[in-house]
Amino acid sequence: MLVSATEMLKKAKEGHYAVGQFNINNLEWTKAILQTAQELNSPVILGVSEGAGKYMTGFGTVAAMVRAMDKELGITVPVALHLDHGTYDGCYKCIKAGFTSIMFDGSHYAIEENIEKTKELVAVAHGLDMSIEAEVGSIGGEEDGVVGMGECADPQECKMIADLGVDMLAAGIGNIHGKYPENWAGLSFETLDAIQQKTGEMPLVLHGGTGIPEDMIKKAISLGVAKINVNTECQLSFQEATRKYIEAGKDLEGKGFDPRKLLAPGAAAIKETVKVKMELFGSVGKA
Ligand code: 13P
């Protein structure tokens, strides 16, 4: 059931668990994530980066595919279709395409401009019953061409953006997209705590969910994180399972070259990763 992310995140924040955002790349990814959410009776957010949207031939294609698949599979759990790290133009494209949620990432602008653009987009999104995420500070590393230095957010700036009425707030707390380096300093819980104190009920978003140790995830949830984004980990699971299939020569046996067979182990691996994350985030049974 396609919905905005507002209610599911409010419930998550109140219930002290987090809803997973899993990024999609194609039909297999979408199907694997939707099926897992349904099997586990968990709310879910499908994340679409601008790069992935382009890859799938445009946001219109993505929205049409997700809507149709949600219906054909009989999905009853709440599903939000969300733009990940959207530009100003990208947000308007997704609004037009029929997404149910957007992220405007204005973190690279001066705070005044971030506020001005976020404020405008909040009014447009809410007028259409869509939810909106904003960002302060930056997430380190690179995701689909979006590069961040990883500086921690200023809690006062977080409050200024939260006060605009966004539905969820991504704040840099030392988190990084992609794999974490050996010398990673860990999440700054001091920053997270200060942000939560300033923003109160606001569901906070933890990007860069791949590779964060379980104890840090649990602590982040206890300090107000209600949405956790995972992308790279599903890609790595898919890669590993597909490599095994080919290295075992399975694609050379019988009709093993059939794409439905070739992609099956990777899809099963994505399902397993999503399941493990939903269990860790505590969203199982919360639909
Ligand atoms: P990872 O690729 O590190 O899991 O990060 C995902 C993310 O934050 C998407 O916005």
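Residues numbered from 1 in each chain as written. Predicted model: local features only at pLDDT ≥ 70, side-chain atom pairs only at ≥ 80, totals over all residues. Heavy atoms only, no water.

This part covers the overall build of the chain. Helix and strand counts for the chain come out as twelve helices and ten strands. By the compact-globule yardstick of 19 Å for 287 residues, the chain fits well, its C-alpha radius of gyration being 18 Å. Taken along the three principal axes of its C-alpha coordinates, the chain extends 60 × 40 × 35 Å. A total of 287 residues make up the chain; the buried ones form 56% of that total. Taking the intrachain contacts of the chain between residues at least 6 apart in sequence as the baseline, contacts between residues at least 24 apart amount to 71%. (Helix = DSSP H or I, 4+ residues; strand = E, 2+ residues; numbered from the N terminus. Rg over C-alpha atoms; globule rule 2.2 N^0.38 Å. Buried < 20%, exposed > 50% of the residue type's maximum accessible area, 1.4 Å probe, protein only. Contact = heavy atoms within 4.5 Å.)

Once that is clear, we can look at the pattern of salt bridges. Taken as a whole, this structure holds ten salt bridges when the rule is applied. As a salt-bridge pair, R260 and D258 come within 3.5 Å of each other at their nearest N and O atoms. Residue R260 is classed as exposed on the basis of its relative accessible area, which comes to 70%. (Salt bridge = Lys/Arg side-chain N within 4 Å of Asp/Glu carboxyl O.)

Counting buried positions along strand β3 (residues 79-84) gives six out of six residues, so the element sits mostly inside the fold. Judged by which residues are buried, β3 turns out to be covered on both faces: V79, L81 and L83 on one side and A80, H82 and D84 on the other are all buried. Sheet topology note: the strand β2 (residues 44-49)/β3 ladder contains six bridges and is parallel. For L46, the partnering residue across the bridge sits in β3 and is L81. (Pairing = 2+ DSSP bridges.)

The next point concerns the site of the ligand. For the ligand, the set of nearby residues contains 15 residues, the closest of which are D84, G178, G208, T210 and T232. The backbone of N231 places a nitrogen or oxygen atom 2.8 Å from an oxygen atom of the ligand. Taken by itself the ligand offers 300 Å² of open surface, and the protein chains cover 99% of this. Partitioning the shell around the ligand into residue classes produces two nonpolar, eleven polar and two charged. (Near = heavy atom within 4 Å. Polar contact = N/O pair within 3.5 Å; in protein donor to acceptor, adjacent residues only side chain to side chain. Areas by Shrake-Rupley, 256 points an atom, 1.4 Å probe, with all protein chains shown as cover. Nonpolar A, V, L, I, M, F, W, Y, C, P; charged D, E, K, R; others polar.)

Our next topic: unusual backbone geometry. For N41, which is not glycine, the phi torsion reads 55° and is therefore positive. Relative to the helices and strands, N41 resides in the loop between α2 (27-39) and β2. Residue classification places N41 among the partly exposed positions, given a relative accessible area of 36%. Positive phi is not limited to glycine here, since D129 has a value of about 60°.

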